[in-house]
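The lines below spell out each chain.
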Amino acid sequence: MVRSWYELPEYVRLRRVNGLRLSPDGTRLVAPVSGIAPDAKSFRSALWEIDVSPEAEGGSAPRRLTRSAEGESGVGFLPDGSVLFTTGRPDPEAGAGDKASSALWLLPAGGGEARQVASRPGGVGPFTVARDSGLVAFTSDVFPRSEDAEGDKEARKAREEAGVSAILHEELPVRHWDSDVGPDHPRYFVAAPPADDDARLGEPRDLTPDAGTALLGAGGSLTPDGTVLVTEWRVPAAGGAHRTEVVAVDTATGERRAIATAPEFDFGRPQVSPDGRSVLLVRSHEGEYDGEPRDETAWLVDLATGEGRDLLPGHEMWPRELAWSADSGAVFVVADENGRRPVFRVDTATGAVTRITGDHGAYSGLNPSPDGRYVYALRDAWDAPPAPVRLASDTEDGEPAYLRTPGSALTMPGALTEVETTADDGTRIRSWLVLPEEASAESPAPLMLWVHGGPYMSFNGWSWRWNPWLLAARGYAVLLPDPALSTGYGQDMLRRAWGAWGPRTYADVMAATDAAVARDDIDAERTAMMGGSFGGYMANWIAGHTDRFKAIVSHASLWGLDGFSGTTDYPPVWEREFGTPLDRPERYTLNSPHLHAADIRTPMLVIHGDKDYRVPISEGLRLWRDLLLHEVDAKFLYFPDENHWILTPGNAQIWYKTVFAFLDHHVHGKEWARPDLL
């Protein structure tokens, strides 16, 4: 058992299970598993096979299936059990001068060498496979005027030779998270399965030549016979915005019809039922300025008629993941609940909802078995990284049976418990509390308050990026509250702070902190706070409203909401809640942390990546400048090549080392020690 994993060089070397896919016959699982590359400068993913039986039932050890310098991801299966995946590895059979890009590869069911089976000049993106016919549908980015692969290849070559990188936009978005949008855009292609053991897929046909930007970020699902592709489809809305509907596309003719569309809703994440008759979706509402906050539910659509209905009427759970049972009679739903993320079974005929997991785990990667007995999934929690498990599909509040994992089995350097309190308006506020091993009444631990991002999420599962055990191993207790705007507690938890992020959430977080420091194993005199994204916003808000903390770390944070509103990657979603600064300035005045800069006294560490397009670098720069103008003891950790997250092994270690040094200085009174390599 690895016990020194919380030392940073060891931590970044841990293997991480990132997904799970069950074969059509239910006999094996395949998972992308990432680990550190040989040069230690990046993470690389490979595919592993996992036995569907626990070790006690004879389950064998996981087996690595792929190896390449570029890594593999995007797992799928053909009807014969062959594994499809995407990778950027070079094709040994490619012509001279052909550039390697993301392509579709096949690993034979019986073993042997993987081979490339489909490629495009713009690469191969997400794909889906028809369960019975084996038809494959995949996306590929194509230049607007390109009519075929050769034309697209020439368009790319012409831009490169002319030295042109400019992109002309006529609609939003311009960029997304950390990537520019365009100048090429995704289209769907369909191709027949390989004709024999040496063949590629059939010649890909462009199913959506008129897509434009309609398929940006789209996911799709094929009917079992492959005759219909169901996919998300963006349509223009007012003010440069868009909404998303779901369409059914005839794979023979390309004829397209909407099966889920409404002006006030977005529809997405389609999954065709195993019997081919229904489509499971998520229906989303982004909220209204003077009305209800955002909301989500599971939506069931008849594929033939387009008639739809709410699968969860009267329930306030947000479906994070959905999966069909093999007989199409039930749907499995993952949803946040009370600081957990359990799995529910919903009977499609009666609407009866049964929670099939009763532990404190957070589940993902649902794979119902073809015999209907089990659901295979990944389970994680604040005290356990993601690992494959088997769940009984017909139980209530059951326990998971663990499968043998290719990931890292870890022992935590402390204990996990819960803290509950009541906010000033009478609302119950609960938190996870990570305690170091040595915390006791005789040796109380300093407290680190973390506030989650989102904000519409819950602190309920393992995080590789923000891992509290790295602090617990250094003697800190870490408080992980779910304040206003957190999911898993009903819509009232969102209503309380809809359009009032700062004041309401601040009151909840302070109530949670008060409850934690009232414990005799917590040192109330040595407290610090940190957060990223929305948590960074709250770090800035807290800094301007109290001096109770010894230090505050603000990562990828919102500072001046007026500037942020027009520079984030998709302003229309933001404007549903806050309006625009010129037309409706009230909520900007109420909620913007920068208006309280003169009141900040707490030392602050500001962290930001230049490639962050969700919370642009301008927010970090403006925050840093305002802190200097007000003579706050502050530092700015800047990453020129990172985005909203810090993703490379070296930079992740520097991130933690700088945070540790900052806390050592301000919480423990040690002399400031600048981390090596900075």
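Before reading further, recall that the structure is shown in the block above.
Here we summarise the structure given alongside this text.

Each value, and the rule that gives it
Residues numbered from 1 in each chain as written. Predicted model: local features only at pLDDT ≥ 70, side-chain atom pairs only at ≥ 80, totals over all residues. Heavy atoms only, no water. Helix = DSSP H or I, 4+ residues; strand = E, 2+ residues; numbered from the N terminus. Rg over C-alpha atoms; globule rule 2.2 N^0.38 Å. Buried < 20%, exposed > 50% of the residue type's maximum accessible area, 1.4 Å probe, protein only. Contact = heavy atoms within 4.5 Å. Areas by Shrake-Rupley, 256 points an atom, 1.4 Å probe, with all protein chains shown as cover. Pairing = 2+ DSSP bridges. Axes fitted to C-alpha atoms, helices over the stretch in contact; angles between N-to-C directions. Parallel < 35°, antiparallel > 145°, perpendicular 65-115°, else oblique. Nonpolar A, V, L, I, M, F, W, Y, C, P; charged D, E, K, R; others polar. Polar contact = N/O pair within 3.5 Å; in protein donor to acceptor, adjacent residues only side chain to side chain. Salt bridge = Lys/Arg side-chain N within 4 Å of Asp/Glu carboxyl O. Expected span 1.5 Å × (residues − 1). Phe/Tyr/Trp six-rings, centres within 6.5 Å; stacked < 30°, edge-to-face > 60°. Lys NZ or Arg CZ within 6 Å of the ring centre and 35° of its normal. Core = buried A, V, L, I, M, F, W, Y, C linked by side-chain atoms within 4.5 Å.

1. Structural notes on the overall build of the protein
A count of helices and strands for the protein gives eleven helices and 39 strands. Relative to its length of 678 residues, the protein is compact, with a C-alpha radius of gyration of 25 Å against a globular reference of 26 Å. Seen along its three principal axes, the alpha-carbon backbone of the protein occupies a region of about 70 × 60 × 55 Å. When each of the 678 residues of the protein is scored for burial, the buried share is 57%. Pairs at least 24 residues apart make up 57% of the contacts formed inside the protein by residues separated by at least 6 positions. Approximately 27,700 Å² of the protein is accessible, and the part contributed by carbon and sulfur atoms is 47%.

2. Describing the pairing of strand E7 (residues 83–87)
Among the five residues in E7, five count as buried, and that is most of the element. Here E7 shows a buried face lined by Val83, Phe85 and Thr87 and a second buried face lined by Leu84 and Thr86. Relative to E7, strand E6 (residues 72–77) runs antiparallel, the two being bridged by four bridges. Within E7, the residue paired with glutamate 72 across the bridge is threonine 87. Linking two consecutive strands that pair antiparallel, namely E6 and E7, is a turn of five residues; a positive phi of about 95 degrees is found at glycine 81 within it. Two elements, E7 and strand E8 (residues 103–107), share five bridges in a ladder whose sense is antiparallel. For valine 83, the partnering residue across the bridge sits in E8 and is leucine 107.

3. Observations concerning the sheet that holds strand E18 (residues 242–250)
Through backbone hydrogen bonds, the strands of a sheet pair up, either in parallel or in antiparallel fashion. Strand order across the open sheet formed by four strands is E16-E17-E18-E19, with antiparallel pairing between neighbours. The sheet terminates laterally at strand E16 (220–222) and strand E19 (256–260), the two strands that pair on one side only. In this sheet, adjacent strand axes meet at a mean angle of 35 degrees when their direction is disregarded. Across four bridges, E18 lies against E19 in antiparallel orientation. Directly across from valine 249, in E19, lies its bridge partner arginine 256.

4. Remarks on the sheet that holds E7
The strand order across the open sheet built from four strands is E6-E7-E8-E9, with neighbouring strands paired in antiparallel fashion. With one partner strand each, in any of the chains shown, E6 and strand E9 (115–118) form the two edges of the open sheet. Sheet twist, expressed as the average angle between the axes of neighbouring strands with direction ignored, equals 35 degrees. Inspection of the sheet shows E8 paired to E9 by three bridges, in the antiparallel sense. Note that in E9 the partner of leucine 106 across the bridge is arginine 115.

5. Looking at the packing of helix H5 (residues 501–517) against helix H6 (residues 534–543)
Axis separation between H5 and H6 bottoms out at 10 Å; the angle between their running directions is 85 degrees. Taken together, the axis directions place H5 and H6 in an arrangement best described as roughly perpendicular. Between H5, through Trp501, Gly502, Pro503, Thr505, Tyr506, Val509 and Met510, and H6, the contact on the second element is made entirely by Phe534, Tyr537, Met538, Trp541 and Ile542. Here the residues of the contact of H5 with H6 are counted per class, giving ten nonpolar, two polar and no charged.

6. Quick notes on the side chain of serine 458
Among the structural elements, serine 458 can be located in the loop between strand E34 (445–451) and helix H3 (468–472). For serine 458, the side chain forms a polar contact with the side chain of aspartate 482, separated by 2.7 Å. For serine 458, the contacting residues outside a window of four places in its chain are Asp336, Gly339, His452, Asp482 and Thr487.

7. Regarding the side chain of serine 325
Along the chain, serine 325 falls in the loop between strand E24 (319–324) and strand E25 (330–335). At 2.7 Å, the side chain of serine 325 and the side chain of aspartate 327 are in polar contact. Separated by 3.4 Å, the side chain of serine 325 and the backbone nitrogen of glycine 329 make a polar contact.

8. Description of the pattern of salt bridges
As enumerated under the stated definition, the model contains 37 salt bridges in all. When the shortest N-O distance is used, the salt bridge between arginine 156 and aspartate 184 registers 2.9 Å. Pair noted here: arginine 156 is in helix H2 (residues 149–162) and aspartate 184 is in the loop between strand E13 (179–180) and strand E14 (185–191), with a separation of 28 residues, a long-range link. With a shortest N-O distance of 3.1 Å, aspartate 210 and arginine 256 are connected by a salt bridge. One end of the pair, aspartate 210, is in the loop between strand E15 (205–206) and E16; the other, arginine 256, is in strand E19, and 46 residues separate them in sequence. Residue class for aspartate 210 comes out partly exposed when judged on its relative accessible area of 48%. Looking at arginine 256, the relative accessible area reads 31%, which means it is partly exposed.

9. Some words on H5
Under the 1.5 Å per step criterion, the end-to-end length of H5 is 24 Å for 17 residues, consistent within 8% with the ideal 24 Å. Across the 17 residues that make up H5, a large majority, 14, are buried.

10. Points about the environment of proline 640
Mapped onto the elements, proline 640 comes out in the loop between strand E39 (634–639) and helix H11 (649–666). Sequence spacing of proline 640 and glycine 609 is 31 residues, and the spatial spacing of their C-alpha atoms is 5.9 Å. If we skip the residues at most four places from it in the chain, proline 640 touches Asp610 and Lys611.

11. So, the pairing of E18
Counting buried residues along E18, seven of its nine residues qualify, which places the element largely inside the surrounding structure. Looking at chain direction, strand E17 (residues 228–236) and E18 are connected through nine bridges and run antiparallel. Residue pairing across strands places leucine 229 opposite valine 249, the latter belonging to E18. Here E18 folds back onto E19, and the loop between the two strands holds five residues, one of which, glycine 254, carries a positive phi near 80 degrees.

12. Things to note about the packing of aromatic side chains
Tallying each qualifying case throughout the model produces 29 aromatic pairs. A centroid spacing of 5.7 Å and a plane angle of 20 degrees characterise the contact between phenylalanine 534 and tyrosine 537, whose relative ring orientation is stacked. Remark: tyrosine 537 and phenylalanine 534 occur in helix H6; sequence separation between them is three residues, near one turn of the helix. In this structure an aromatic cluster arises from ring pairing among Trp5, Tyr6, Tyr11, Trp450, Trp462, Trp464, Trp466, Trp655, Tyr656 and Phe660. It is arginine 465 that lies over the ring of tryptophan 655; its NZ or CZ is 4.5 Å from the centre. One residue, arginine 587, lies across the ring of tyrosine 289, its end atom 3.8 Å from the ring centre.

13. Some points on unusual backbone geometry
Cis rather than trans, the peptide bond between leucine 172 and proline 173 has omega equal to 0 degrees. In this fold, proline 173 is placed in the loop between H2 and strand E12 (175–176). A cis amide bond, omega 0 degrees, links glycine 454 with the succeeding residue proline 455. Its place among the elements puts proline 455 in the loop between E34 and H3.

14. With respect to the nonpolar core
Counting 56 residues, the largest nonpolar core has Leu449, Trp501 and Ile542 as its most contacted members. With sequence-adjacent residues up to four places away left out, tryptophan 501 is seen in contact with Pro455, Tyr456, Leu485, Tyr506, Phe534, Tyr537, Met538, Leu558, Trp574, Glu577, Phe578 and Asn591. Core analysis: the next-biggest nonpolar cluster, separate from the first, contains 42 residues, Tyr6, Trp466, Trp469 and Leu663 among them.

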